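Inside the fold
Spelled out, the chains give:
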Amino acid sequence: MDQLIFFLGRTHPLLVHLPIGILLMAASMELLVLVRRFAYLKPALPITWRVGAASAVVSCVAGFALKQEGGYDEEMLLYHQWSGIALALFSSVASVLSQKGALLGKIRLIVVVPMFILTTVAGHYGGSLTHGGEFLGEPILALTGVESKGAVVERKPVQDTAQAVVYRDLVEPVLIEKCSRCHNSSKRKGGLRVDDYQHLMKGGKNGAVIVAGAPSQSELIRRIMLGDDDKEKMPPRGKPQLTAQELQLIRWWLGEGKASSEVRVAELSGTSDVAFLFSGNVHAGAEPPPGEAFFPEVTLSPAPAEAIDALEENGVIIKKVSDDAEFLFVNLVNVPEFGDGLAALLLPLKEHVTWLKAGKSSITDESLRIIGQMPNLTRLNLEYTSVSDEGILRLKDLKHLTYLNLVNTRVGDQSIAVLQQLKSLRALYLWNSEVSLSGAEVLRQKIPGIDVNTGVK
Amino acid sequence: MKDLRDDIHDQLSRRTFLGQAGLGLGAMALSSLLPATLRAEPTQEKKVPLVRKINRVIYLFQSGAPSQLETFDYKPKLEQMWGQELPESVRNGQRLTGMSSGQRSFPLAASAFRFAQYGRSRAWVSELLPHHSRIVDELCFIRSMHTEHINHDPAVTFIQTGNQIGGRPSMGSWVSYGLGSDNKDLPAFVVLLSRGRGGDQPLYAKLWSNGFLPSSHQGVVFRSGEDPVFYLNNPDGIDRTTRRRMLDALASMNTAQQDNSLDPVINGRIEQYEMAYRMQASVPRTLDISKEPDYVFDMYGPESRIPGTFAANCLLARKLAESDVRFIQLYHQGWDQHGNLPADIQIMAKSVDQPSTALIRDLKQRGLLDDTLVIWGGEFGRTNYSQGKLKRDNYGRDHHPRCFTIYLAGGGIRPGMVYGETDDFSYNIVKDPVHVHDLQATILHLLGIDHEQLTYKFQGRRYRLTDVAGKVVQDILV
């Protein structure tokens, strides 16, 4: 049902062009008929007003539906809503009056002038809601050389991360890109500007948003970390959100860096949160901080239901890992007899499977042909299966694998060459496998940040 | 009779009709003018919006309340002030239990045991827990836990269900309700009981009860020994096929009754029978430790071969974790040392030291610690003053809710960390307090559940595990 409402709402930008055109036409005609040459237009007026009013009312209804979807600037939305409703009311009144022939004298002005004003006001706010407040003025301002606020700032990759000034080179670009569209010098939501260190530290009309040294107490962080449904969440729903790494970065700067504008990366102790900074790649959204449940940044359509059903009929447990993504968790714990024959059933889901627990099942190296084709696989459990070095070769294309469990398998040192290519691995379990201790050491050297566990002796 | 059934049908369809009517145009317009809290929302919401870091929880609950001063919270100041009165400035009006309120003096009792620091985190561990001292780098200690409740029943009920008065679903039930089971042959919530000393504080079935949630979410107590679940096995003369036919017939009758009376308990009963049937096969298989190699028993300690001990339960916990049981709760009774503490706590510590650490190491080497959360702790702390006569080698400690220590280990938790600080008297918290509700919120967060979203409407209001409080402790999360 929600989706139907959303669909109705989505027709609003379409429908709204009708009252704009028709009502402006009607208002213009009211003025034109004063000129003798255009007196022939008089009979057309009632129908024009009526159609215009009707389309305005329908647009309002669709507008309500669109409002339910959320994600619009509250203040602007209110102006737009009420001017739109006023427009519908006025045009309805005009259409009633027009029934009795063309509007007489002064009544004409009382109706026509507001018509032009309201259409402009409602229309402009509608456009701003959709395209942003600066949409209209941006090109002109660009002509005059004034920099438009909230533009995407080109983040120059910092050559030497260690020497980067944390605020200027890392934190400020994030704040400008994600926050300054509404918190800049000309548009100061809540009285807050974030495009400038002084103003950021000063805060807004509710006080400071930064508490140096205490990220958990800073309003800035609190708002970013609110749940999606919370009204106070920043950035607001529907606007581009901060990525997990950007949030970690700001928290680190507030905590370790004590919100200093001068401190460089090298002067602070790098915690595991911000290890990605030291991996050489400063662009946010690249490598995830280790330990974070990482999903490849792809959007998938929902997995084919028949494929899921076919597997569930065989006792396989399949669940989505999160409401927000279509990735699947496939668990063979109830099907120890799941063998290579049934593995073919996994093929239709190969894009969707991200966690696969095949421990203690009956699969062999054959099934690894299929498993090796799962591009988005992040966790793979193969403990207590009969897989061997031959099968591991088939996993070479799993670019996102972070966890691999080979406890009690016949995998040995021959697989080191393949495993060391899986640079995304963070946790590898080799207890009771045939990988030697020196082989494990090689893997620790080749893959930075990996935890290779060979068990307790 | 017939009229009554028709009535119920009518009522239900009226309810559903009104529910649908809420989507009329008029309601739509009106709803935008109502404050958000009054807007109709579907009942029984179970959203899982986050991504889970862990798939299972093993809660090693130390019932009776282990003394933090003898385990993980080292306070040399008490040694300096041995025998002196607890300063009023420190006590600050803290209420006392009926047991020590009668005392005329509250002499500070330093621990009879030595402490040392270990690992990268420089965590303090007493000599009573040598195995723990070797794995501190896997553990995240929270020294600043606090609660309001000063007696066992309300406090244990509080930490398990979120409210001091019983009747609400326990943590495991909420988790089972929110996430379901990853293994359909075993219950999602399993409870294992053990005691280090006899005659200590009792436990109640309400602590693992499903409260008002559907009864399929209740904790199932597995006993150790030959018959883990009472009355699970078929009686003599009934084989599995006969049982299956009986269950099918019963299910069809129950379903017919369900259609007539729309009683949700009937559905729960059908599910329970089906689960019991599956458990007849899965439980013996899962809990069979006869094939475990000797080195495993050696790792968990000598008691692990004795069914019913904490060590044996830890081994079972690992096996249940391997089978993807969602919430495994162990209760170990015997920590309530009001008197004779130094002697008794040695017994208790010995019974848990090796098995708890073995469990964590065993999970780690099998690759399970990555997505399992292990919690170790009790319901409150113990007082720094002696209950009863204070002697150098003998003293007791009363209950103390204002600070206590637990530890966490596993997926999503920062290893090798000590969070929160108590004052020099281990009486008040000076840094980073973590309330019981905050702990519950954090556990749910790691499971991918927003503790404010997992609610159940009962008796007209929505309930959740964390009641009306609880904030996720972000600083201990990876």
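Going by the structure above, here's the rest.
In this report, we go over the structure that sits alongside the text. (Residues numbered from 1 in each chain as written. Chains lettered and ligands numbered in written order. Predicted model: local features only at pLDDT ≥ 70, side-chain atom pairs only at ≥ 80, totals over all residues. Heavy atoms only, no water.)

All names here are of chain B. Burial of helix H6 (residues 152-161) is extensive: eight of the 10 residues sit out of reach of the surface. All buried positions along H6 are accounted for by His152, Ala155, Val156, Thr157, Phe158, Ile159, Gln160 and Thr161. For H6, the elements touching its buried residues are strand S1 (56-63), helix H7 (171-179), strand S7 (327-333), strand S10 (397-400), strand S15 (434-435) and helix H13 (436-446). One or two positions beyond H6, positive phi appears at Gly162, with a value near 90°. (Buried < 20%, exposed > 50% of the residue type's maximum accessible area, 1.4 Å probe, protein only. Helix = DSSP H or I, 4+ residues; strand = E, 2+ residues; numbered from the N terminus. Contact = heavy atoms within 4.5 Å.)

Of the consecutive residues A:Met234 and A:Pro235, the connecting peptide bond is found in the cis state with omega at -20°. Backbone geometry places B:Asp324, a non-glycine residue, at a positive phi of 65°. Inspection of the secondary structure assignment puts B:Asp324 in the loop between helix H11 (310-322) and S7. Note on B:Asp324: relative accessible area 2%, which makes it buried.

This part takes up the packing of helix H1 (residues 2-10) of chain A against helix H4 (residues 44-69) of chain A. Residues and elements named next belong to chain A. One way to put it is that H1 packs onto H4 with a least axis distance of 7 Å and a crossing angle of 125°. Comparing their axes, H4 and H1 come out oblique. Seen from above, H1 lies across H4 with left-handed handedness. Packed against H1, whose contacting residues are Ile5, Phe6, Leu8, Gly9 and Arg10, the element H4 presents Val61, Ala62, Ala65, Leu66, Gln68 and Glu69 at the interface. (Axes fitted to C-alpha atoms, helices over the stretch in contact; angles between N-to-C directions. Parallel < 35°, antiparallel > 145°, perpendicular 65-115°, else oblique. Left-handed = near helix turned anticlockwise from the far one by under 90°.)

What follows is about the interface of chain B and chain A. With 40 residues of chain B at the contact, the number on the chain A side is 45 residues. Interface area, chain B with chain A, both sides summed: about 3,500 Å², of which 47% is carbon and sulfur. Run the count over chain B and chain A and you get seven salt bridges. With a shortest N-O distance of 3.6 Å, A:Arg379 and B:Asp371 are connected by a salt bridge. At the boundary of chain B with chain A, the tally comes to 15 residue pairs in polar contact (both at pLDDT 80 or more). A class-by-class count of the residues in the side of chain B that touches chain A yields 13 nonpolar, 10 polar and 17 charged. (Buried area = accessible area lost by both parts, 1.4 Å probe. Salt bridge = Lys/Arg side-chain N within 4 Å of Asp/Glu carboxyl O. Polar contact = N/O pair within 3.5 Å; in protein donor to acceptor, adjacent residues only side chain to side chain. Nonpolar A, V, L, I, M, F, W, Y, C, P; charged D, E, K, R; others polar.)

Next up on the list: the packing of aromatic side chains. Using the criterion set out here, one finds 28 aromatic pairs over all chains in the structure. Here the aromatic rings of B:Phe61 and B:Tyr331 are separated by 5.4 Å at their centres, their planes lie at 65°, and the arrangement is edge-to-face. In this pair, B:Phe61 is assigned in strand S1 and B:Tyr331 in strand S7, connecting sequence segments 270 residues apart. Taking relative accessible area as the criterion, B:Tyr331 reaches 0% and is therefore assigned buried. Look at B:Phe189 and B:Phe327: their rings are 5.4 Å apart centre to centre, the planes differ by 90°, and that puts the pair in the edge-to-face class. On the criterion of sequence distance, the pair formed by B:Phe189 in strand S5 (residues 189-195) and B:Phe327 in strand S7 is long-range, its members being 138 residues apart. No difference in accessibility class separates B:Phe189 from B:Phe327, as the two residues are buried. In this structure an aromatic cluster arises from ring pairing among B:Trp174, B:Tyr177, B:Phe212, B:Tyr456, B:Phe458 and B:Tyr463. The lysine or arginine in question, A:Lys360, covers the ring of A:Tyr384, its NZ or CZ lying 5.0 Å from the ring centre. (Phe/Tyr/Trp six-rings, centres within 6.5 Å; stacked < 30°, edge-to-face > 60°. Lys NZ or Arg CZ within 6 Å of the ring centre and 35° of its normal.)

Counting 56 residues, the largest nonpolar core has B:Ile58, B:Leu60, B:Phe222 and B:Leu320 as the members making the most contacts within it. Ranked by residue count, the leading element in this core is helix H12 (residues 341-365) of chain B, at nine residues. (Core = buried A, V, L, I, M, F, W, Y, C linked by side-chain atoms within 4.5 Å.)

Turning our attention to the pairing of S7(B). Moving residue by residue along a regular strand, the side chains alternate between the two faces of the sheet. Residue and element names in this part refer to chain B. Counted residue by residue, S7 has seven buried out of seven residues, so it is predominantly covered. Of the two faces of S7, the one holding Phe327, Gln329, Tyr331 and Gln333 and the one holding Ile328, Leu330 and His332 are both buried throughout. Pairing of S1 with S7 involves seven bridges; the strand directions are parallel. If you follow Phe61 over to S7, its bridge partner there is Tyr331. (Pairing = 2+ DSSP bridges.)

Residue and element names in this part refer to chain A. Strand order across the open sheet formed by seven strands is S1-S2-S3-S4-S5-S6-S7, with mixed pairing between neighbours. Looking along the sheet, the strands with just one partner apiece sit at the ends: strand S1 (317-320) and strand S7 (451-453). Direction aside, neighbouring strands of the sheet carry axes that sit 10° apart on average. Of the pairings in the sheet, the one linking strand S2 (residues 328-331) to strand S3 (residues 353-357) comprises four bridges and is parallel in character. Its bridge partner being in S3, Phe329 is matched across the sheet by Trp355.

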